Amino acid sequence: MKIPQKFFARRHEIAADYLKELDKHLDDIVSGRATEMFEVRDFADLIHVHPTHLSNTIKAATGHSPCFFFEERLMEISKAMLQNIKYAYCRNCKDTNLRSI
């Protein structure tokens, strides 16, 4: 039995919706508008699918689990925040004639 093309389009639509909601949620966390980290079930509720279906669909569409993208984004944000702290610290050291990192 051949799988309808509509199924593949919906699979990528669900994955795109998840990534969009993930970025929005992490922006809210970083800016302080949200204090609790979402879980897969929370994202599933936002895009109106079952959590197991969301996980299976993202894995099928991208080859990676939803957690992979969550952790990847968290690492990117963390690295950027550390770079900003290091830059601010180095700038402050130069202003006060201290040695930089």
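Residues numbered from 1 in each chain as written. Predicted model: local features only at pLDDT ≥ 70, side-chain atom pairs only at ≥ 80, totals over all residues. Heavy atoms only, no water.

Trainee: What is the right way to look at the nonpolar core in this model?
Mentor: Side chains of a nonpolar character, in soluble globular proteins, are inclined to be buried together. Grouped together as the largest cluster of nonpolar side chains are 14 residues, with contacts concentrated most on Y18, L22 and L54. Those elements that provide at least two residues to this core are α1 (5-31), α2 (40-46), α3 (51-62) and α4 (66-95). Of all the elements, α1 adds the most residues to this core, at 5 residues. (Core = buried A, V, L, I, M, F, W, Y, C linked by side-chain atoms within 4.5 Å. Buried < 20%, exposed > 50% of the residue type's maximum accessible area, 1.4 Å probe, protein only. Helix = DSSP H or I, 4+ residues; strand = E, 2+ residues; numbered from the N terminus.)

Trainee: What am I meant to see in α3 here?
Mentor: Quick reminder: α-helices carry 3.6 residues per turn. Residues three or four places apart thus point the same way. Over its 12 residues, α3 extends 16 Å from the first C-alpha to the last, a length consistent with the 16 Å expected when each residue adds 1.5 Å. Among the residues of α3, those classed as buried are L54, T57, I58 and A61. All buried residues of α3 project into a common sector of 100° when viewed along the axis, lining one side. Backbone geometry just downstream of α3 places G63 in the positive-phi region, at approximately 85°. (Expected span 1.5 Å × (residues − 1). Arc of directions from axis to C-beta.)

Trainee: It is not clear to me how the pattern of salt bridges should be interpreted in this structure. Could you clarify?
Mentor: Across all of its chains, the model carries 6 salt bridges by this definition. A salt bridge links K24 to E21; the shortest N-O distance between them is 3.5 Å. On the criterion of helical spacing, the pair formed by K24 and E21 is a turn pair, its members being 3 residues apart in helix α1. A relative accessible area of 12% places E21 in the buried class. The shortest N-O distance in the salt bridge between E72 and R73 comes to 3.9 Å. Owing to a relative accessible area of 31%, E72 belongs among the partly exposed residues under this scheme. Given a relative accessible area of 17%, R73 falls into the buried group. The network of salt bridges with shared partners includes D23, E72 and R73. (Salt bridge = Lys/Arg side-chain N within 4 Å of Asp/Glu carboxyl O.)

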